[in-house]
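A look at the structure
Chain residues, written in single-letter form:
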Amino acid sequence: MTSPAVRGRLLALIAPFAMATLAGGCVYYNGIYNAKDAAKSGDERLRRGDEAGASEQFQLSAQRAETVLVRHPQSKWRTRALYLAGRGAAWGNACETAIDRLDQFLAIKGAEEEDRDRARLALATCETRASRLPVARARLDSLLDVSDTETARQARIWAARAALAAGDRDAVGRYLEGIDISSLQWELLQVSLAAGEYARAESLLVQRAARGDYRADATRAIRELWGAGEWDAAERIVAGYDLARVGDASRASMHYLLGDLSLRAGRDSIAGQHLYVARTLAGRDTILERESRARLALLGMSRFRTVSEFDTAFARQDSAVLRTAFSRRVAEQFLLIKLLEAKPDPTGATIYLAAEVARDSLEAPLLARTLFLRVAREFDGSMLAPNALFAAGVLEPDSAAIWTAKIASDYPGSSIAGWLAGKDPAASPDFAAAPELLRFQWGTVTRVWADSVRKLRAPPKPLPPRP
């Protein structure tokens, strides 16, 4: 049996060793273990493509590893702590700290090759963010075929980002071959649209559509493609999303957009098809459903030739449709036309202005032509008559030659006749007088119109309380 004195001497001998072992365990479990755990969670999110969620976990990993470096700078876990702190800071977008820690780690010999590859990848992400693109691309290219498949995959993703930032869009496809990285493809889509590379933009959107990947960016891209004259491309993209059966609300918004754009372009039959689908998908009594119904109700307004046809169309709409933004806008512009048409004016200026509103704001070219010809017929002595004939000819090219000949024969001294003959139109008296006449009448009528619109838009007054 050991005496108390001997036991005391033994405890004195083993105490430093026990304390060191205990301290080492605390360093591991309180710092390294927790940092590894957060990094593992970050890696899982990266594999799923959740870069924002991964960033949060890597920031946590870096913070926990930093506590080891600060509190235990000579610990045997220092190398591991440098790796976790540097990699975590890089993926957490704290690159100033990351670069220092990663450089220290990579300078140490003996680390596992896979850890060195992951550290080099993390360093390359910071170089890409700092626009050190040649250095980043060279480093990333060296990691494309490493043994760890996830490191190689992330290297391809970041090599594509670096190529994209460098303007080398052709290299992006090579890097991403066989990889479906939705976030990067959306980035490439925006860059392609900005560069006017519409075929590439369409191809990217068709790929996203085939996978049922819809974002609001898709609708914005469809609008941009349409604005660039790529109408067929816009149609193909929406058809792709239809085949993928993405959510009804998303498809409704795309069909509504194409319906509205087609309506503005005078493609009434195509507009009607898209608006009908949008109304069906949107669900009853939603804003999109009512707006679609409003456009369908006034679908034929580009073919209306008279004010009475518009009156009839409005009379047929129900109250819910009349309250839509589209119906209100059309109604307000139509009110302006009626006010201009009704104002007594011996020069025909107000009817001429009504025709311009019908053409430019209401997008009703046939009504505009009717009003322009009315100016020329009823006010043939007005300085505006030759301008009205020319405007009517522009709206109906088949008759343009007839009206041009009439301008030359009946109004040879007008500015428009001079311009058509290749002369200086400013030499004619009506060159300055006609616009001044229009400005005067416009100001008079629009003041009344603006007051009327304010009253129409004002919310109804609350009913007085019952006694």
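Residues numbered from 1 in each chain as written. Predicted model: local features only at pLDDT ≥ 70, side-chain atom pairs only at ≥ 80, totals over all residues. Heavy atoms only, no water.

**Focus on the overall build of the protein**
Put simply, the test is: The numbering of helices and of strands both runs from the N terminus, where a helix is a DSSP run of H or I of at least 4 residues and a strand a run of E of at least 2. C-alpha atoms define the radius of gyration in this analysis, and the globule rule sets the expected value at 2.2 Å times the number of residues to the power 0.38. A simple rule labels every residue: compare its accessible area, found with a 1.4 Å probe on the protein chains alone, to the largest value its type can have, and call it buried under 20%, exposed over 50%, or partly exposed in between. By definition in these notes, contact holds between two residues if any of their heavy atoms fall within 4.5 Å. All accessible-area figures derive from a Shrake-Rupley calculation using a 1.4 Å probe, and residue coverage is judged against the displayed protein chains alone.
Counting its secondary structure elements, the protein contains 24 helices and zero strands. Relative to the compact-globule value of 23 Å for 467 residues, the protein shows a C-alpha radius of gyration of 36 Å, a clear excess of over 25%. The dimensions of the protein, computed from C-alpha atoms along their principal axes, are 130 × 75 × 40 Å. Among the 467 residues that make up the protein, the fraction classed as buried is 45%. Across the protein, every contact between residues at least 6 apart in sequence was considered, and the portion connecting residues at least 24 apart equals 56%. In the structure as shown, the protein presents an accessible area of about 24,500 Å², 55% of it carried by carbon and sulfur atoms.

**Some details on unusual backbone geometry**
The phi angle at N93 is positive, at roughly 65°, despite the residue not being glycine. Locating N93 in the fold gives a position in the loop between α3 (78–91) and α4 (95–107). One non-glycine residue with positive phi stands out, namely E363, at about 55°. Structurally, E363 can be placed in the loop between α19 (349–360) and α20 (365–378).

**Regarding the layout of surface pockets**
Note the threshold: Throughout, the protein atoms alone are placed on a 1 Å grid, and a set of points is a cavity if a 1.4 Å probe fits but cannot get out or a pocket if it is open with protein on both sides within 12 Å along at least five of seven lines; lining residues have an atom within 4 Å of a point. Grid points are joined across faces, edges and corners, and a volume is the space filled by probe spheres set on the points. Gly is placed with the polar residues, together with every amino acid not listed as nonpolar (Ala, Val, Leu, Ile, Met, Phe, Trp, Tyr, Cys and Pro) or charged (Asp, Glu, Lys and Arg).
What the largest pocket holds in volume is close to 260 Å³. Lining the largest pocket are 17 residues, and of these A39, D43, Y83, R87 and R118 sit closest to its centre. Secondary structure elements with two or more residues in the lining of the largest pocket: α1 (4–48), α3, α5 (113–129) and α7 (149–165). Here the element with the most residues in the lining of the largest pocket is α1; it accounts for six residues. Residues belonging to the lining of the largest pocket are distributed by class as follows: six nonpolar, two polar and nine charged.

**Focus on the state of the cysteines**
Note the following rule: Cysteine sulfur atoms that pair up within 2.5 Å are treated as a disulfide.
Under the criterion given, the structure shown has one disulfide. Covalent S-S linkage joins C95 and C126, the inter-sulfur distance amounting to 2.2 Å. Measuring the twist about the S-S bond at about -85°, one finds the C95-C126 disulfide to be left-handed. Of this pair, C95 sits in helix α4 while C126 is found in helix α5, placing the two residues 31 residues apart along the sequence. Per residue, the accessibility class of C95 equals that of C126, and both read buried.

**Some points on the pattern of salt bridges**
Just so we agree on the cut-off: Within this document, salt bridges are pairs made up of a side-chain nitrogen of Lys or Arg and a carboxyl oxygen of Asp or Glu, the two lying within 4 Å of each other.
Overall, the coordinates contain 34 salt bridges when judged by the stated rule. Between R161 and E51 there is a salt bridge, with the nearest N and O atoms lying 3.1 Å from each other. Here E51 lies in helix α2 (residues 51–71) and R161 lies in helix α7, a separation of 110 residues in the sequence. R374 is the partner of E378 in a salt bridge, and the nearest nitrogen-oxygen pair spans 3.2 Å. Note that E378 and R374 are positioned in helix α20 at a spacing of four residues, about one turn of the helix. Classification of E378 by relative accessible area gives partly exposed; the value is 42%. Linked by salt bridges that have partners in common, R80, E114, D115, R118 and D148 make up one network.

**Here we look at the environment of L366**
Of note, L366 is situated in helix α20. Note on L366: relative accessible area 22%, which makes it partly exposed. For the pair formed by L366 and F304, sequence separation is 62 residues and the distance between their alpha carbons is 6.2 Å.

**Thoughts on the confidence of the model for the protein**
What counts here: By definition, pLDDT measures how confident the predictor is in each residue, and it falls between 0 and 100.
Predicted confidence across the protein gives a mean pLDDT of 85, with 91% of residues reaching 70 or more. Confidence drops under a pLDDT of 50 for residues 10–25, and excluding neighbours within four residues, the segment shows one contact in the predicted structure.

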